[in-house]
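Each chain, letter by letter, is given below.
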Amino acid sequence: WFWPGDATVEGRHLQIFLHRFEQQAPGLWAWRWVDTHLATLSLPALSLIDTRPAPSDNAVLYGACVLESERHTYIYGTRDGVFPKQAHLARAPAGRLQGPWHYYDGRHWTDRSRRSAAILGGVSTQYGVIQDRDRFYLFTMDGRTPFSNEIVVYRAARPTGPWQGPVLVYRAPQAG
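Keep in mind it's a predicted model, so treat the numbers as computed, not measured.

About the criteria used
Residues numbered from 1 in each chain as written. Predicted model: local features only at pLDDT ≥ 70, side-chain atom pairs only at ≥ 80, totals over all residues. Heavy atoms only, no water. Helix = DSSP H or I, 4+ residues; strand = E, 2+ residues; numbered from the N terminus. Rg over C-alpha atoms; globule rule 2.2 N^0.38 Å. Buried < 20%, exposed > 50% of the residue type's maximum accessible area, 1.4 Å probe, protein only. Core = buried A, V, L, I, M, F, W, Y, C linked by side-chain atoms within 4.5 Å. Salt bridge = Lys/Arg side-chain N within 4 Å of Asp/Glu carboxyl O. Pairing = 2+ DSSP bridges. Axes fitted to C-alpha atoms, helices over the stretch in contact; angles between N-to-C directions. Patch = residues over 30% accessible without salt bridge, like charges linked within 9 Å, V, L, I, M, F, W, Y side chains within 5 Å. Areas by Shrake-Rupley, 256 points an atom, 1.4 Å probe, with all protein chains shown as cover.

A. Focus on the overall build of the protein. Secondary structure summary: the protein contains 0 helices and 14 strands in total. N-terminal to C-terminal, the α/β element order of the protein is β-β-β-β-β-β-β-β-β-β-β-β-β-β. Computed over its C-alpha atoms, the radius of gyration of the protein comes to 16 Å, within 12% of the 16 Å expected for a compact globule of 176 residues. Seen through its C-alpha atoms, the protein measures out along the principal axes to roughly 45 × 40 × 35 Å.

B. Main features of unusual backbone geometry. Residue Leu-43 is joined to Pro-44 through a cis peptide bond whose omega torsion reads 5°. Within the secondary structure layout, Pro-44 lies in the loop between strand E3 (31-42) and strand E4 (48-53). Across the junction of Phe-83 and Pro-84, the peptide omega takes the value -5°, indicating a cis bond. Look at Arg-133: it is not a glycine, yet its phi comes out positive at around 55°. Here Arg-133 is to be found in the loop between strand E11 (128-132) and strand E12 (135-141). Take Arg-133: its relative accessible area is 69%, and that puts it in the exposed class.

C. Seen up close, the nonpolar core. Ranked by internal contacts, the top residues of the largest apolar core, which has 19 residues, are Tyr-76, Ile-119, Leu-120, Tyr-127, Val-129, Leu-138 and Trp-163. Breaking this core down by element, the ones donating at least two residues are strand E5 (61-68), strand E6 (72-79), strand E7 (86-93), E12 and strand E13 (150-156).

D. Looking closely at the pattern of salt bridges. A full pass over the atoms with the stated rule returns 8 salt bridges. Here Glu-22 makes a salt bridge to Arg-32, at a shortest N to O gap of 2.8 Å. Taken together, the residues span a long stretch of sequence, with Glu-22 in strand E2 (residues 13-23) and Arg-32 in strand E3 at a distance of 10 residues. Taking the relative accessible area as the measure of exposure, Arg-32 reaches 36% and is therefore partly exposed.

E. Summary view of the sheet that holds E2. If you trace the 4 strands from one edge of the open sheet to the other, you get E1-E2-E3-E4, paired in antiparallel fashion. Across the chains shown, the open sheet's two edge strands, defined by having one partner strand only, are strand E1 (2-10) and E4. Going across the sheet, the axis of each strand differs from the next one's by a mean of 25°, ignoring polarity. The sheet contact formed by E1 and E2 spans 7 bridges and is antiparallel. Bridging from a neighbouring strand, Pro-4 pairs with Leu-18 of E2.

F. Structural context of a nonpolar patch on the surface. Together, Trp-1, Trp-3, Leu-28, Trp-29, Trp-31 and Phe-147 make up an exposed nonpolar region whose accessible area comes to about 820 Å². Topologically, Trp-1 is positioned in the segment before E1. In this structure Trp-1 comes out as partly exposed when scored by relative accessible area, which is 45%.

G. Spotlight on the pairing of E7. Within E7, 6 of the 8 residues are buried, which leaves the element mostly enclosed by the surrounding structure. In terms of strand pairing, E6 meets E7 through 8 bridges, oriented antiparallel. The residue of E7 that forms the bridge with Thr-78 is Ala-87. Hairpin geometry of E6 and E7 is characterised by an intervening segment of 6 residues between the two adjacent antiparallel strands. Where E7 meets strand E10 (residues 120-121), 2 bridges bridge the pair, whose relative direction is antiparallel. Residue pairing in the sheet places Ala-87 in a bridge with Leu-120 of E10. Two strands pair when backbone bridges link them, and E7 and strand E8 (residues 102-104) are joined in this way by 2 bridges, in the antiparallel orientation. Paired with Ala-90 across the bridge in E8 is Tyr-103.

So this is what it looks like as C-alpha cells:
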C-alpha cells in the first residue's frame, strides 16, 4: 500500500510523494517500507497522470516534507531503519521535482544519493520544515524516545542545519 508524504504544486500539476509499504506477516508491526514513488495529478481535476519511482535509491523515505524556495525544492526524508531515525535532505531545481536531485553529504551537495548524510537525529517518520525570514524550523514528534508523546521544534539558519534544540512545543496528555 501507499502512505502519502508531502506534496507540492508545479505549474498545473500536483506532485505527491507516496511511500510504498508491504505486509511481511500477520500482525500490527509486521510491515516494511519498500520504496518511494512520486504521483502526478492534473489540476484542478486531480486526475492521475503518472506514478513513478522517486529519483533516490539510498534507503531514505524522501518526501516526508517538501520546502520550496525560489531556486530549489528541498526534499526532506527519513532514514527509518536506524534508531533514532535520521533526517536526510535532497534538493531539485525549483519546478522540477522529477530531478535531477542532489543530496546533502554533510558539507556539500552531490549527485550521489548514497553519500547523503544525516542532518539531524531523533525525528519521526514524517515531520515538517518551514522558513520564517532567515530561519528554518523543523517540527517533529521527539523521535529520541520510542512512541514519544512530545512535539518538539529545532531551529537552523540554513535548510541543511546545523539544528539547535529541541524545544518542547506540546506534550500529548493521553500518551500510552
